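Structural overview
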Amino acid sequence: MIVSGSTSQALAVALAAETGRELAPVSFEQFPDGERKVNVGEVDDHAIVVASTVSDGSHVELLQLQDAVRENGASEITTVIPYLGYARQDEAFETGDPVSVRAMARALSTGTDRVLTVNPHETAVCAFFDVPAEPVDAAARLAEPLESLTDPLFLAPDSGATELAETVRDAYGDGETDHFEKTRHSGTDVDIEPSDASVDGRDVVLVDDIVATGTTMSESIAVLNDRGAREITVTCIHPLLAANAHLKLARAGVEAIYGTDTIERPVSAVSVAPALAERL
Ligand code: R5P
């Protein structure tokens with residue numbers, strides 16, 4: 001049975017349809033002091049818990065869901081974490097820092113037999129789980145909403161996203177790839193160093209794993225506009241779109257924004273359910 005967290009309801013429904021499994025009845029409650037409680041109805045032997053950890057509360061909720069299904073008789077638990085929060089804190093960057101994603105992974109390992117997670121920021125984070133954990137690559141699906149593009153360039157805003165850009169280009173079936181160089185000064189301050197690629201009159205598809213504050217993408221869009229790009233599309237696996245990110249991109253002049261349903265937002269045009277179903 002598919003057991004949905006509050007953050008992944010549309011994806012859980014899509015996954016149930018894709019795999020022919022039933023959806024378990026689940027309810028979510030929050031007490032006046034902020035503490036949470038989930039309740040899960042009858043589940044069968046194998047429970048597939050699906051929940052993106054987009055906030056501290058959703059981490060707690062996922063731990064509760066895992067515990068509730070075990071308490072309710074499931075003997076095998078697979079945890080699907082479409083968006084794994086804290087994945088960008090994958091090392092102690094300064095003395096005294098935690099490896100935050102390792103702490104989260106260890107806690108989540110206690111309640112499951114297996115983990116699947118979609119395009120984690122670095123696939124190496126899977127090794128932090130104490131149970132088998134596999135990354136699922138859904139990047140090719142990002143090509144689905146792209147309509148006819150003029151002389152397309154698939155551009156990564158930093159070298160780390162180059163492989164994603166290549167995958168989307170390959171799935172689209174036409175175009176070049178390139179990447180900018182990014183220097184991050186703080187959570188909301190980045191410098192973008194353009195590449196030599198000519199963008200004049202071309203359609204550019206910016207590809208990244210996460211759009212969080214939108215700073216990386218809006219800075220990239222500004223550079224592309226200065227250089228005469230035709231239409232600029234932003235596409236990403238995880239459309240976190242925190243705070244005013246959507247507005248920032250619109251004001252920067254983006255033509256369209258597409259993301260997947262690992263995080264459920266109005267721009268979640270693509271479902272990762274088929275990629276997950278294949279792996280399940
Ligand atoms: C970081 O390396 C990630 O790949 C993204 O580029 C980053 O999370 C985007 O963050 P923001 O939207 O806040 O610039």
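Let me sum up the structure you'll find in this document.

Rules behind the numbers
- Residues numbered from 1 in each chain as written.
- Predicted model: local features only at pLDDT ≥ 70, side-chain atom pairs only at ≥ 80, totals over all residues.
- Heavy atoms only, no water.
- Pairing = 2+ DSSP bridges.
- Helix = DSSP H or I, 4+ residues; strand = E, 2+ residues; numbered from the N terminus.
- Axes fitted to C-alpha atoms, helices over the stretch in contact; angles between N-to-C directions.
- Patch = residues over 30% accessible without salt bridge, like charges linked within 9 Å, V, L, I, M, F, W, Y side chains within 5 Å.
- Areas by Shrake-Rupley, 256 points an atom, 1.4 Å probe, with all protein chains shown as cover.
- Salt bridge = Lys/Arg side-chain N within 4 Å of Asp/Glu carboxyl O.
- Lys, Arg positive; Asp, Glu negative; His and termini not counted.
- Charge placed at Lys NZ, Arg CZ, Asp CG, Glu CD.
- Buried < 20%, exposed > 50% of the residue type's maximum accessible area, 1.4 Å probe, protein only.
- Right-handed = clockwise from strand over helix to strand, strands pointing away.
- Near = heavy atom within 4 Å.
- Polar contact = N/O pair within 3.5 Å; in protein donor to acceptor, adjacent residues only side chain to side chain.
- Contact = heavy atoms within 4.5 Å.

Details of the sheet that holds strand β4 (residues 46-50)
- As summarised here, the arrangement of the five strands in space is β1-β4-β5-β6-β7, forming an open sheet in which the pairing is parallel. Looking at the sheet topology across the chains shown, the edges are occupied by β1 (2-4) and β7 (133-136). The average angle at which neighbouring strand axes cross in this sheet is 20°, direction not considered.

Side note on a negative patch on the surface
- Judged by side-chain charge, E22, E42, D44, D45 and E76 come together as a negatively charged surface patch.
- Inspection of the secondary structure assignment puts E76 in strand β5 (residues 76-81).

Overview of the pairing of β5
- For β5, the tally of buried residues reaches five of six residues, placing the bulk of the element in the interior.
- Pairing between β4 and β5: five bridges, direction parallel. Considered in β5, the bridge of V50 is made with V80.
- For the handedness criterion, the β-α-β arrangement of β4, helix α2 (residues 56-71) and β5 is classed as right-handed.

Re unusual backbone geometry
- The backbone of N119 shows a phi angle near 30°, a positive value even though the residue is not glycine.
- Tracing the sequence through the fold places N119 in the loop between β6 (114-118) and β7.
- Despite not being glycine, D151 has its phi angle at roughly 45°, a positive value.
- Structurally, D151 is set in the loop between β7 and β8 (153-156).

Examining the site of the ligand
- Inspection of the region around the ligand gives 14 residues, with D208, D209, A212, T213 and T216 positioned closest.
- Take R184: an N or O atom from its side chain is 3.3 Å from an oxygen atom of the ligand.
- A distance of 2.6 Å separates an oxygen atom of the ligand from a polar side-chain atom of T216.
- For the ligand, whose free accessible area comes to 380 Å², the fraction covered by protein is 90%.
- The set of elements that each furnish at least two residues to the shell around the ligand consists of β10 (181-186), β12 (204-210) and α5 (215-226).

Details of the sheet that holds strand β9 (residues 176-179)
- Here six strands make up an open sheet; going across it, the order is β9-β8-β12-β13-β14-β15 and the pairing parallel. Two strands lie at the open edges of the sheet, namely β9 and β15 (268-270), each paired on one side alone. Across the sheet, the mean angle separating the axes of adjacent strands is 30° when strand polarity is ignored.
- In the sheet, strand β13 (residues 232-238) pairs with strand β14 (residues 256-260) via three bridges, with the strands oriented parallel. From the neighbouring strand, T235 faces β14, where its bridge partner is Y258.
- In the packing of helix α4 (residues 162-172) onto the sheet, the strands contacted are β8, β9, β12 and β13, and the crossing angle to β8 comes to about 160°.

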